Amino acid sequence: MTLEAFLAAFHLLAILTLVVFLTSEAALCRSEWMNAAVVKRLARLDLIYGITAIVLLATGLARLYFGVKGVSWYVSQPLFHIKVTLFVLMGLISIKPTLTFRRWLKALNATGALPAEAEVCSTRRWVMVQSHILPVIAVIAVFWARGW
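Here the structure is a predicted model, which is why all the values come from computation and not from measurement.

Concerning the pattern of salt bridges
Tallying each qualifying case throughout the model produces two salt bridges. With a shortest N-O distance of 3.6 Å, E4 and R63 are connected by a salt bridge. Here the residue E4 occupies a position in helix α1 (residues 2–28), and R63 occupies one in helix α2 (residues 36–66), the gap between them amounting to 59 residues. Overall, the relative accessible area of 15% leaves E4 in the buried class. Salt-bridge contacts for R103 lead to E119; the nearest nitrogen and oxygen are separated by 2.6 Å. Note that R103 is positioned in helix α4 (residues 78–111) and E119 in helix α5 (residues 117–145), a separation of 16 residues in sequence.

Points about the nonpolar core
Within the largest apolar cluster, 31 residues are counted, with the highest numbers of intra-cluster contacts made by M34, L42, M90 and W104. Examining the composition of this core, we find that eight residues originate from one element, α4, more than from any other.

Observations concerning the side chain of R124
Residue placement: R124 occurs in helix α5. This buried residue, R124, is left without a salt bridge; E32 holds the nearest opposite charge, at 7.0 Å. Not counting the four nearest positions on each side in its chain, R124 is found in contact with A26, A27, C29 and R30.

Parameters at a glance
- Residues numbered from 1 in each chain as written.
- Predicted model: local features only at pLDDT ≥ 70, side-chain atom pairs only at ≥ 80, totals over all residues.
- Heavy atoms only, no water.
- Salt bridge = Lys/Arg side-chain N within 4 Å of Asp/Glu carboxyl O.
- Helix = DSSP H or I, 4+ residues; strand = E, 2+ residues; numbered from the N terminus.
- Buried < 20%, exposed > 50% of the residue type's maximum accessible area, 1.4 Å probe, protein only.
- Core = buried A, V, L, I, M, F, W, Y, C linked by side-chain atoms within 4.5 Å.
- Lys, Arg positive; Asp, Glu negative; His and termini not counted.
- Contact = heavy atoms within 4.5 Å.

Have a look at this one:
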């Protein structure tokens with residue numbers, strides 16, 4: 001039971017960390033706030049966000065394989081499949097902002113250029129889509145925990 005508690009705690013910690021860094025990206029990715037420091041910060045936040053997503057996946061897999069319930073229980077649950085699908089969707093959606101932030105940083109370092117307002121707005125939209133999928137995953141987790 002101690003292992004189960006540690007796995008759950010680390011998974012929850014990874015979820016909360018993911019929320020913090022995704023929220024930070026959403027807050028900073030605004031055309032009216034864009035400057036060199038924000039471009040650098042967005043690239044750094046996105047790197048931490050990506051690492052956190054990998055940790056979240058790793059802790060989820062650890063719960064799947066080493067947890068009390070086991071793989072067969074998890075894969076028999078429809079809500080598990082919905083959660084995993086939404087998480088993968090978030091990961092796929094995050095590719096565009098990640099590549100954009102890296103491109104902005106490269107351009108900033110090379111020429112000092114800041115991104116155009118339209119591009120910032122477009123990138124923010126992608127970040128916001130991720131930000132709106134995440135609470136859906138949380139709601140599904142609540143229903144799943146209640147035996148739905």
